[in-house]
Amino acid sequence: MAIDTEPLVVNIGPQHPSTHGVFRMRVTLDGERITDAEMIVGYLHRSMEKLAEERTWTQNIPFTDRMDYLAAMTGNLSYCIAVERLASIEVPERAQYLRVIFAELQRIASHAMANGTFVNDCGAWQTPLLYMFREREKVLDLFEMTCGARLTLNYMRIGGVAFDLPDEFLPQLRSLLDELPDRIAEYEQLLVDNEILLMRSRGIGVLSPEMAMNSSMSGPMLRGSGIAWDVRKADPYCVYDRMDFDIPVGHTGDSYDRFRVRMEEVRQSVRIIEQAVAQLPPGRHCADVPLNFRPPEGEIYSRIESPKGELGFYLISDGGPQPYRFHVRSPSLINLSALREMVVGQTVADAIVTLGSIDLNVGEMDR
Amino acid sequence: MIAFWTLAALAVTSAAMIIVVRNLLHAVLFLILSFVGIAGLYITMSADFVAVAQVLIYAGAISVLMIFAVMLTPRSDRDNAGNMLQAPALVLSGLVITAVSMVAVETDWRLADRVAFESTATEIGDALVSPFVLPFEIASVVLVVAMIGAIVLVRED
Amino acid sequence: MQLLGRWYDFRDLGNGVARLIEALEDVGAPDGVIYAVTGLLGAVAILVFVAIAAVMNSWIERRLIARIQVRRGPNRTGRFGLLQPVADAIKLIQKEALQPARADGLVFSLAPILIFIPAILAFAVLPWGEQMVLADLNVGVLYLLALGSTTTIIIFMAGYASNNKYALLGSMRAIAMLISYELPMVMALLGVVTFAGTMQMSGIVAFQETHWSWLIFFQPLAFLIFLLGSTAELNRTPADISEAESEIVAGFHIEYSGMKFGLFYAVELINAVAVSGVITALFLGGWWAFGLEQWIPGWLIFIGKLYGVYFILIWFRGTLPRFRIDQLMAFAWKFLLPLAIVNVFAASIEVLLWREYDLSAGLVLPIAAAVNLALAVVLIAGWGRVMGAAYEQEPRRPRLFSEIDVPLPGDGPASGPAAASEPATA
C-alpha cells in the first residue's frame, strides 16, 4: 500500500556543520532516504587561477597555501616542483629531504583532521577530533618553529625551502615520532573496533574500483576502493624513490576503509620521516633562484601526492615573469565527483558520513 | 470543586476548539489538551492509575499516532476545510450528544460512599485477571491481530 | 540517638516539615492551609535545587567533557570558570528571540515553555530522603513514564512550528525514537516493580532498604536497558539523533534563539538530572546506602548517587559516536525489547515462587540476584551474537602494497596479482 507523500528537498549546506566549509548538497528526501542529490560548489571561489596570472612565479606561492589550508605544505610543494620542472632548476639534496619531511608531517596533520572530523560526522561528540588535534598541534608547533606560521606556511620556495631547520627541531620531531605509533594504536583501540562506528561506516558510501577509476579519483579515496596507486610510487618526486614504505589499500571501498587507509598512512608517514631524518644530508637548503626569474617558454603538468589525492599543477609560461596559465587539479573537487552515486539510496545520516570520509576541503575545491 | 470546574472547562473548551480551529495540527494539540484535562478529572476522583494511564496512552501515544496520520496526509496546507460530510457529521454528533445527556439526566447518581482505594493499581490488576479476564484476553488478541496486520501491510516483498 | 527526629536533624529534612505541620496544627490552621504551606515549601525547595542544578550542570558537563577531550573547558569567568553559566545566561537573555517568518507563532513560543512542565514535574516523585517526597504517588513509576511520553508532543510542537525542514526531520526522528524506547523502558521498569511489589517510589526504596540490597543487583538487565533507553529519552549520544549536530544541525530547536533556546538547553540538563534521579531511586537504593545514611544526610547520598549516574551519562556523551536512526530503532525493537520481556518473565517467576511458597527473602533474593546476573550476561552475549552485524568476520585492516598495482576495469576483482600483495604482519 503506497501512501502519497511529498518529497522533501533539503539543502545540506552551504551553512552546515558537516560540510566542512561552504559546500552545498541539495538532497531530495523520501522520509530519511535520499532519492536525489545535487552538488553545488563555488561558494568559496576566490578566482585564484586568474589572479595568479597577474603575479610573479614566486608571488604565487602564498596562493597555494590558501587552497588547501589544511595541507598548505603540499600545496606549496606541488607548485614549486611544477615550476622547477618547468625551469629545470636543480634542487639541493638537503632541500629535497626537508621537503619530504615536511610534506609527510603535513600529511599526518591533514589525516588527523580528516579522521577526526570523519568520526565527528559519525556523531562522536568532538572527542576523537580533539584527540587527533593533539597530534596535529604538535606538527603545527614544528612548522611554527621552522617557518613561523602554523596554517598558511609559505615554506617551500622555488629551488628549495625558505629556512633550514632550527636546532631544536630534530629533538622535538624525534619525540613526536616516538609517541605517534602509540597514539595511533590508542585511536585504533578507541575507534577501530567500535561497534557503533562500524555500524555507521561499514558498507556506507561504497565506491567500486571501476567507479573510482572512471571518475578519476585519487588519494585515499582510490586506495580505499582497493587500487594500489600512489603518485609517490608511480611518479616519484623529491626523494621518495629512496624511501621504503607501503601503500595501504582498503577492501570494499566504503567509508570505513577510507578511514582506515588514512589511519595506516599516518603510520607509513612516520616510517618515511624516520628514514628521511636518518638520511638527511648536510648542505644548502635552497638553490639560487632570482626573485624575478623567468622560466623558458613551455608548459608543464606536474603532480604530487597530497594528503587528499593527486594534486597537480598545469602551468604555461610565455617566458614572462608571470605564468600565462595557472591551473590546479585539485583532488578535493575531483574526489567529490562520484558523491551523487555514493549517497543516493542512503539516509541523510549516511550521506554525512560519506561526505566526511571524502575529506574534502572547500578552499581547494573552489580555489 | 474549583479543580473540577477548571478541569471540566479546560476539557470542554479544548474539545470545542478541536472543531473550531482550521489547522489540523492545532486540532490535534487541542485534543491532547482535552485528554490532559480529562486526566485531571480522573485525579479529582482519586483514580490515579487511570489518570496516569490516560496521559501515558492517550496524550502520549494515541495523539502521536494522529500526528503521524496528519503529517502523512498529502494535503500540504493541512487545512480543516469544509466538505460534503458536514451535514451528516452534524446530525450524528447531535444524536450522540442527545444520547449522552439523556443517560446523564436519567441515571440515578449516587455519591460514592466508599473511601478512596489505597492503591487503585492493585485493584485494577485484580479486577482485570479475575472477573474481567475474558474481555482482557480478547483485547490482547485484538491487539496482536492489529500488530500482525500492521507488519503484513508494511512488509516489502 | 538524641537528635533523632528533631527538626534540626538534617539527615532528613522531612523532620523539619513534620514539626512545621505539628506547629501549624497547634495554631489551629485548617487542613487546606497546612497542605498548601508544606506543598509550597517542598515545591520551592525542589525548584531551587533544579535551578541550581541546571545552571551548575552546564558547567560540570562542559568541564568533564573537556577533561575527556584533553582540554581545559571553561576557565576564564570566575574561579575555575564557575561563572560561565551565568555569563551564558546573560548572553542568551540579551539575544534577540528570532522567529521564522512563516512559523506557527503561538505554538512556536509555547513549546519551550511547555517542555519545562514534564521536566520539573518529574522531580515531584523523587524520594530525596525517607520523608522527603513531595508527592508520594501510588503510581509513581507510571507517572514518570507518562511525563516522558508527553515530552514527545512538545518536541513535535517545536519542530513543526519552526517551519524548518531540519526541525521537522528532527522532531519526526524524536517522536519515532521516543515511542520506540518507551516500550523497553516500561518493560525494564516492570521488572523492578514486580520485584518491589509497588509502583510507589518511596516503597521501592523501602524495599531495597528492607532487603539490604540495591535493585541493580536483582535487576542488572533492567538497569542496563533503562540506562540505554534513557540516553535515547534524553537525546544524548549515542542516541542524540533528534538533534544530531553533524546531520540535521540542531534538530527540533534549530530555529530557536536567545532564551527560548536557553530553555531547551536547560530542560536537557534538567531532564538528565531527573533521569539520573530516577535511576538512583529505582536501582541504586535512593537515599539508602547500606547504613551510611545514619551518618550522612540521606538527601546528600541521593544527590551524590544522582551525580554518579549523571557522570556515566556524560561519559557516554564524551565517548560514543551516534547511531543512525534505523539502527537505533532496530536496537530498541530487536535487542532491548526482547531482553526486557525475558527479564520481566524471569522476574515474575522468581517473585511468584518467592510469594507463593512463602520462602524466606534471605534465601530467595541472593539466588534471584545470581540467576538474573547470569541471565543478563548470557542474554546480552547470546542475543548480541545472534543479532550482531555480519561484518564481524570481515577484514578491517588495510592491505599493504609496496608496489603500485593498477588493474584495469573489467579485470575482475581489484585486488591485483597476489604476487604484489604483501599482507600486513602486525
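Calculation criteria
Residue indices follow the written sequence of each chain, beginning from 1 at its first position. Each chain gets a letter, beginning with A, and each ligand a number, beginning with 1, in the order they are written. Note on the predicted model: pLDDT of at least 70 is required for a residue's local features to be given, and 80 or more for side-chain atom pairs to be given and counted; whole-chain, interface and lining totals, by contrast, use all residues. Segments assigned H or I by DSSP are reported as helices when at least four residues long, segments assigned E as strands when at least two residues long, and all are numbered from the N terminus. Two things to know: the radius of gyration comes from C-alpha atoms, and the globule rule equals 2.2 Å times the number of residues to the power 0.38. Three exposure classes are used, based on other C-beta atoms lying within 10 Å of a residue's own C-beta, which is placed from the backbone: buried for 20 or more, exposed for 12 or fewer, and partly exposed in between. Any two residues are considered in contact once their C-beta atoms, placed from the backbone, lie within 7 Å. Whether two strands pair depends on DSSP finding at least two bridges between them. Convention adopted: a line fitted to C-alpha atoms gives each axis, helices being fitted over their contacting stretch, and angles between N-to-C directions are expressed from 0 to 180 degrees. Under the scheme applied here, ten amino acids are nonpolar (Ala, Val, Leu, Ile, Met, Phe, Trp, Tyr, Cys and Pro), four are charged (Asp, Glu, Lys and Arg), and all others, including Gly, are polar. These descriptions rest on fixed angle ranges, namely under 35 degrees for roughly parallel, over 145 for roughly antiparallel, 65 to 115 for roughly perpendicular, and the rest for oblique. Each crossing is labelled by how the near helix is turned from the far one, with a counterclockwise turn of less than a right angle marking it left-handed and a clockwise turn marking it right-handed. Multiplying 1.5 Å by the residue count of a helix minus one yields the expected span of that helix. Two axes define the bend at a residue: one fitted to the seven residues ending there, one fitted to the seven starting there, and the bend is the angle between them. A set of buried residues qualifies as a nonpolar core if it consists of Ala, Val, Leu, Ile, Met, Phe, Trp, Tyr and Cys joined through C-beta atoms within 7 Å. Confidence scores labelled pLDDT are given residue by residue by the predictor and lie between 0 and 100.

Right, let's talk about the overall build of chain A for a bit. Check the secondary structure of chain A and you find 15 helices and 9 strands. The C-alpha atoms of chain A give a radius of gyration of 21 Å, which matches the 21 Å a tight globule of 367 residues would have. Dimensions of chain A along its principal axes, counting C-alpha atoms only, are 75 × 45 × 35 Å. Within chain A, buried positions represent 56% of all 367 residues.

This paragraph deals with the overall build of chain C. In terms of regular secondary structure, chain C is built from 15 helices and 2 strands. Out of the 426 residues belonging to chain C, those deemed buried represent 47%. Considering only intrachain contacts with a sequence separation of at least 6, the fraction spanning at least 24 residues in chain C is 75%.

What follows deals with the sheet that holds strand E8 (residues 309-317) of chain A. Backbone hydrogen bonds hold the strands of a sheet together, and the pairing may be parallel or antiparallel. Residue and element names in this part refer to chain A. The strand order E7-E8-E9 describes an open sheet built from 3 strands, whose pairing is antiparallel. Edge strands, defined here as strands with exactly one partner in the open sheet, are strand E7 (298-306) and strand E9 (323-329). Between one strand axis and the next, the sheet turns by 15 degrees as a mean value, whatever way the strands run. The pairing of E8 with E9 spans 6 bridges and is classified as antiparallel.

In this section: the interface of chain A and chain C. Counting from both sides, the interface comprises 52 residues of chain A and, opposite them, 41 residues of chain C. Looking at the side of chain A that touches chain C residue by residue, the classes come out as 27 nonpolar, 12 polar and 13 charged. As judged from the 3 bridges shared by strand E6 (residues 247-249) of chain A and strand E1 (residues 399-401) of chain C, these two strands associate in the antiparallel manner. Within E1(C), the residue paired with A:Val249 across the bridge is C:Arg399.

Before going further, it helps to spend a moment on the packing of helix H1 (residues 2-20) of chain B against helix H2 (residues 24-44) of chain B. Residue and element names in this part refer to chain B. Remark: H1 packs on H2, axes separated minimally by 8 Å, with the N-to-C direction vectors making an angle of 160 degrees. The angle between H1 and H2 places the two elements in the roughly antiparallel class. Handedness of the H1/H2 crossing: left-handed. Mapping the contact onto sequence places Ala3, Phe4, Leu7, Ala8, Leu10, Ala11, Ser14, Ala15, Met17 and Ile18 in H1 and Ala27, Phe30, Leu31, Leu33, Ser34, Gly37, Ile38, Gly40, Leu41 and Thr44 in H2. Looking at the contact of H1 with H2, its residues break down into 15 nonpolar, 5 polar and no charged.

Another aspect to go through is the sheet that holds strand E2 (residues 24-30) of chain A. Residue and element names in this part refer to chain A. The strand order across the open sheet formed by 3 strands is E1-E2-E3, and the pairing between neighbours is antiparallel. If you trace the sheet from one side to the other, it starts and ends with strand E1 (8-12) and strand E3 (33-40), each paired once. Pairwise comparison of adjacent strand axes, ignoring direction, gives a mean angle of 20 degrees for this sheet. By the bridge criterion, 7 bridges tie E2 to E3 in an arrangement that is antiparallel. Bridging from a neighbouring strand, Met25 pairs with Met39 of E3.

A separate point is helix H7 (residues 165-196) of chain C. With 32 residues, H7(C) ought to run about 46 Å at 1.5 Å a step, and its terminal C-alpha atoms sit 45 Å apart, in line with that. Of the residues one or two after H7(C), C:Gly197 is the one with positive phi, at around 75 degrees.

One turn of the α-helix equals 3.6 residues, which is why residues spaced by three or four share an orientation. Helix length check: helix H3 (residues 48-72) of chain B, at 25 residues, gives a terminal C-alpha distance of 35 Å against a target of 36 Å (1.5 Å per residue), a fit within 8%. Its maximal kink placed at B:Ser63, H3(B) deviates by approximately 30 degrees.

This part covers the nonpolar core. One finds B:Val52 and C:Met157 to be the most contacted residues of the largest nonpolar core, which totals 250 residues. Considering each element in turn, this core owes the most residues, 20 residues, to H7(C). Setting aside chain neighbours within four positions, we find B:Val52 in contact with C:Val139, C:Leu142, C:Tyr143 and C:Ala146.

Right, let's get into the confidence of the model for chain C. In low-pLDDT segments, the atomic positions of the prediction should not be examined closely. All names here are of chain C. Looking at chain C, the pLDDT average stands at 77 and 86% of residues meet or exceed 70. Across chain C, helix H10 (residues 220-233) holds the top mean pLDDT of 86, while strand E2 (residues 421-422) sits lowest at 42. Reported confidence for the predicted complex is 0.76 by ipTM and 0.81 by pTM.

What follows covers the packing of H7(C) against H10(C). When two helices pack together, their arrangement is given by the angle between the helix axes and by the axis-to-axis distance. Residue and element names in this part refer to chain C. Closest axis-to-axis distance for the H7/H10 pair is 9 Å, and the angle between their directions is 155 degrees. Classified by the angle between their axes, H7 and H10 sit roughly antiparallel to one another. Note on packing geometry: the crossing formed by H7 with H10 is left-handed. Taken together, the residues of H10 that come into contact with H7 (itself represented by Met177, Leu178, Tyr181, Pro184, Met185, Ala188, Leu189, Gly191 and Val192) are Ala222, Ile225, Phe226, Gly229, Ala232 and Glu233. The class makeup of the residues in the contact of H7 with H10 is 12 nonpolar, 2 polar and 1 charged.

A few words on unusual backbone geometry. Residue and element names in this part refer to chain A. With phi around 65 degrees, Ser216 is a residue other than glycine that occupies positive phi space. Here Ser216 shows up in the loop between helix H8 (209-214) and helix H9 (220-224). With a phi close to 60 degrees, Asp359 is a non-glycine residue in the positive phi region. Relative to the elements of secondary structure, Asp359 occurs in the loop between helix H14 (348-358) and helix H15 (362-366).

Time to look at the environment of C:Ala369. All names here are of chain C. Residue placement: Ala369 occurs in helix H15 (residues 361-387). With 149 residues separating them in the primary sequence, Ala369 and Pro220 have C-alpha atoms 8.4 Å apart. Those residues in contact with Ala369 that lie beyond four places of it in its chain are Phe217 and Phe218.

Moving on, we come to the environment of C:Leu190. With respect to the element layout, C:Leu190 can be found in helix H7. Measuring from C-alpha to C-alpha, the distance between C:Leu190 and C:Ala340 comes to 8.9 Å, with 150 residues separating the pair along the chain.

As a further point, take the pairing of E7(A). Residue and element names in this part refer to chain A. Looking at chain direction, E7 and E8 are connected through 9 bridges and run antiparallel. Among the inter-strand pairings, Ile304 is bridged to a residue of E8, identified as Leu311. In this structure, the hairpin formed by E7 and E8 is closed by a connection of 2 residues.

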